[in-house]
Amino acid sequence: MDIVVTVKMVPDLVEELEVNAEGTDLDRSVVKLRINEFDEHALEQALLLKNQHGARVTVVALDSGEVDETLFTCLAKGADRAVKVMGDFQGGVSTHTAAAVLAQVLGGIPHELILAGVQAADDRDGQLAVLLGSALRLPHVSVVTGVEPSGDKAVTVRQEYSGGVVGELEVDLPAVLGIQAAPQTPRYAPVSKVRQMMKTAKLETIEAPAVEVGAGSIVTSLARPEAAGRAEIIEGAPEEVAARLYAILADRGLLKR
Amino acid sequence: MSADIAVVVEHLEGVLAEVSFEMLAKGRELAAAGGGMLWAVLIGHGVTRLAGELGAADGVAVVEQEALAHYTPEAYEKAAAAALQALAPRVALVASSSMGLDQAAGLSGTLGWPLCAYCKDVALTDGALTAVSQIYGGKLLATAEVPGEHAICAMLPGAAAAAAGRKSGTPPVREIPPPALDGLRVRFKRLIQPEGGDVDITREGILVSVGRGIGSQDNIAVVKELAEALGGAVSSSRPIVDQGWLPKTRQVGKSGLSVKPKLYLAVGISGAPEHIEGMRGAELIVAINTDPGAPIFDVAHYGVVSDLFDVIPALTEKVKSRA
Ligand SMILES: Cc1cc2nc3c(=O)[nH]c(=O)nc-3n(C[C@H](O)[C@H](O)[C@H](O)COP(=O)(O)OP(=O)(O)OC[C@H]3O[C@@H](n4cnc5c(N)ncnc54)[C@H](O)[C@@H]3O)c2cc1C
């Protein structure tokens, strides 16, 4: 089976997010990008299928941030091919645009199963797996937590609904799946192995096709939520904080006896 | 250009989702602002009886077909597309939920209507549509202008009060001819119900809830000790369950359980929208997190910006000594 995993670089949420002077976007000059964590689960799911049933795994990413290192890490984890799509993506692109670009790029890459992270921190205009499915006119299923082959031309997937209820669906291939969580924690690639990949492996590059789509809406303001309902912050040494919290709980009758 | 509003109603196993009523409440506001009708779009097989709960709408557009007996992203998207094409609303509201995720973006792709995902708010002013999306894990809000005749907004659960959208009485029903649903490429096999656990976190008065800030499975003992001292139970965010550190029955949030304890102590949890969805109803929320910008502080009543490994043992000690 040929599996394609799309990988996206997103702002690292652990870092402070700075907004630009216009107040309409992140300050892209300081933003630190990392791989979308749900994409790591998509890759893990692909590698599990490869290990258990045999598959060729290709990772594809639009060029932005330190994407080279991310792609080499994917190779170190066990992906067979890494393709970087060259274009003007440093300022961030809408998901509609990314889907349109990738749909064309995938015309030249064999794919029976396409896996993407279920969502990304900045996909304000929708999720990639679904929009890519639409663009390629392929079936799509999101919030997937398990994939198993079902014969040669289909997979059985688990889709999670609220309250922990799970739907089991059979999906004809080719298809696009939005992966929520792989059945196991994404594997880790040691730095030495990534370094070795950087020396021995090559990233393939493809020029991005010209596409004419956008988000369909224009951001006029990007800001922190208003402070209105914010927590009262308790400060002090751990013992002081503990004493204050204890008093609050006691006050509310939350301590037994 | 139509000023009508359509709400794509969500239901599972014959029960309407809470978010459906929230969307009807928001839809009423939008319909009033634009002077249009409010439509509820109901998709399924044998679901017309649910129209009796959709009294907040002016009309219910029903797509009924045997192939829609069980939810599948493909069949439901086709049915919703047929309904939205027939109604041609100014705005279609879809739930920002597991099901809605496939629906909202899928409809945007098929119909070519712009989509604003993760909406906390949507407004129509003199016909102009603005949508406020909660992005970057809940850290930032993006306000956008949405030009054009039609748009889709995916509404986050909790964005509007459900009460205003909950009205009995069956509005006039309009039957939408179902689209061709043969040769479907996604087929329903079965629904798997969650297994019961040792503890029912929805019934606990005190929850000490742990997130990725805990660092390792062994460290969970630290919060467990506090939970025991308080006479409560340990719950968690999703990554803790995904890593197999706690059973699924302890997960709070969108794809876990919704809890309303007297005390919810969020420890090393960032407060992503998907987590907040499951605990915002708690009576008292206390958050401990090293990141002062963590969105959990936007819903917490009290916050402590510090290392959980400093604060939790100190609090456990204090509770144990009852001093
Ligand atoms: C469809 C869908 C459904 C989902 N359903 C759910 C759901 O049901 N429940 C859920 O929780 N998530 C759900 N998620 C995942 C959600 O998007 C987040 O990824 C998740 O909630 C993050 O969990 P977290 O807060 O534990 O981890 P993180 O976001 O990584 O946060 C960890 C926090 O710990 C803090 N921290 C680190 N070290 C320390 C320390 N020593 N002391 C104190 N604080 C520290 C950090 O500052 C950070 O804020 C869902 C996602 C999707 C797409």
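Treat the numbers as computed from the prediction; the structure is a model and nothing was measured.

Asker: Sorry if this is basic, but what is going on with the site of the ligand here?
Answerer: Residue and element names in this part refer to chain B. Around the ligand there are 30 residues in total, and Ser237, Gln251, Ser255, Ser270 and Asn289 lie nearest to it. In this structure, Gln251 approaches the ligand through a side-chain N or O atom, which is 2.7 Å from an oxygen atom. Glu274 is positioned such that a nitrogen or oxygen atom in its side chain is 2.7 Å from an oxygen atom of the ligand. Contact with the protein chains removes 87% of the 990 Å² of surface that the ligand exposes when unbound. Counting only elements with at least two residues in the shell around the ligand, the list comes to α5 (238-242), α6 (273-276) and α8 (308-321). The residue inventory of the shell around the ligand, partitioned by class, reads 9 nonpolar, 15 polar and 6 charged.

Asker: I would appreciate a short explanation of a negative patch on the surface in the present structure.
Answerer: Together, Glu239(A), Glu240(A), Asp307(B) and Asp310(B) line one region of the surface with negative charge. Turning to its location among the elements, Asp310(B) is positioned in helix α8. A relative accessible area of 44% means that Asp310(B) is categorised as partly exposed.

Asker: Please clarify how the domain arrangement of chain B should be interpreted in this entry.
Answerer: In many analyses, interface size is given as the accessible surface area lost on bringing the parts together. All names here are of chain B. In terms of domain boundaries, chain B breaks down into domain 1 (5-175) and domain 2 (201-321). Taken together, the two surfaces of domain 1 and domain 2 that pack against each other cover about 690 Å², and 55% of this comes from carbon and sulfur. Counting the surface domain 1 buries against domain 2, the share from its top three residues, Gly137, Lys139 and Pro157, is 49%. Counting every contact that joins domain 1 to domain 2 gives 1 salt bridge. The salt bridge partner of Lys139 is Asp291, with a shortest N-O separation of 2.9 Å.

Asker: Would you mind going over the interface of chain B and chain A with me for this structure?
Answerer: Between chain B and chain A, the contact holds 82 residues from the first and 81 residues from the second. Roughly 7,000 Å² is buried in total at the junction of chain B and chain A, and carbon and sulfur atoms are behind 57% of that figure. Area buried by chain B at its contact with chain A is led by Tyr136(B), Arg185(B) and Tyr302(B), which between them contribute 11% of it. Between Arg230(A) and Asp298(B) there is a salt bridge, and its shortest N-O distance comes to 2.6 Å. Joining chain B to chain A, the criterion identifies 35 residue pairs in polar contact (both at pLDDT 80 or more). Top contributing element to the side of chain B that touches chain A by residue count: helix α3 (residues 98-111) of chain B, with 9 residues. Counted by class, the side of chain B that touches chain A contains 43 nonpolar, 18 polar and 21 charged residues. Sheet topology places strand β12 (residues 218-223) of chain A next to strand β9 (residues 140-146) of chain B; 5 bridges connect them, and they run antiparallel. Pairing of Ser221(A) across the sheet is with Thr143(B), part of β9(B).

Asker: Would you mind showing me how to read unusual backbone geometry here?
Answerer: One can expect most non-glycine residues to show negative phi and most peptide bonds to be in trans. Residues and elements named next belong to chain A. With an omega of -5°, the peptide bond running from Leu173 to Pro174 counts as cis. Along the polypeptide, Pro174 turns up in the loop between β9 (166-172) and β10 (175-179). The backbone of Arg137 sits at a positive phi, close to 55°, despite the residue not being glycine. With respect to the secondary-structure elements, Arg137 resides in the loop between α4 (128-136) and β7 (140-149). For Arg137, a relative accessible area of 70% corresponds to the exposed category.

Asker: In this structure, what is going on with empty space enclosed by the protein? I would like to understand it.
Answerer: Regions of empty space are outlined by a rolling probe, equal in size to a water molecule, passed over the atoms. Residues and elements named next belong to chain A. Evaluated as defined, the whole model comprises 4 cavities of 30 Å³ or more. Estimated volume of the largest cavity: approximately 250 Å³. Residue lining of the largest cavity: 20 residues in total, with Lys8, Met9, Leu62, Ser64 and Val93 positioned closest to the centre. Counting residues per element, the ones that place at least two in the lining of the largest cavity are β1 (2-7), β4 (56-62) and α3 (95-105).

Asker: Is there a simple way to explain helix α2 (residues 73-87) of chain B in this structure?
Answerer: In an α-helix there are 3.6 residues to a turn, and that puts residues three or four apart on one side. All names here are of chain B. Here α2 contains 15 residues, and its C-alpha end-to-end distance of 21 Å stays within 8% of the 21 Å for a straight helix at 1.5 Å per residue. Counting buried residues along α2, 12 of its 15 residues qualify, which places the element largely inside the surrounding structure. Every buried residue belonging to α2 is among Pro73, Glu74, Ala75, Tyr76, Glu77, Ala79, Ala80, Ala81, Ala82, Ala83, Leu84 and Leu87, and all of these are buried. Residue Ala88 follows α2 closely and has a positive phi angle near 45°.

The rules behind each value
Residues numbered from 1 in each chain as written. Chains lettered and ligands numbered in written order. Predicted model: local features only at pLDDT ≥ 70, side-chain atom pairs only at ≥ 80, totals over all residues. Heavy atoms only, no water. Near = heavy atom within 4 Å. Polar contact = N/O pair within 3.5 Å; in protein donor to acceptor, adjacent residues only side chain to side chain. Areas by Shrake-Rupley, 256 points an atom, 1.4 Å probe, with all protein chains shown as cover. Helix = DSSP H or I, 4+ residues; strand = E, 2+ residues; numbered from the N terminus. Nonpolar A, V, L, I, M, F, W, Y, C, P; charged D, E, K, R; others polar. Patch = residues over 30% accessible without salt bridge, like charges linked within 9 Å, V, L, I, M, F, W, Y side chains within 5 Å. Salt bridge = Lys/Arg side-chain N within 4 Å of Asp/Glu carboxyl O. Lys, Arg positive; Asp, Glu negative; His and termini not counted. Charge placed at Lys NZ, Arg CZ, Asp CG, Glu CD. Buried < 20%, exposed > 50% of the residue type's maximum accessible area, 1.4 Å probe, protein only. Domains from an automatic or database assignment. Buried area = accessible area lost by both parts, 1.4 Å probe. Contact = heavy atoms within 4.5 Å. Pairing = 2+ DSSP bridges. 1 Å grid on protein atoms, 1.4 Å probe; cavity = no way out; pocket = protein on both sides within 12 Å on 5 of 7 lines; lining within 4 Å. Points joined across faces, edges and corners; volume = space filled by probe spheres on them. Expected span 1.5 Å × (residues − 1).

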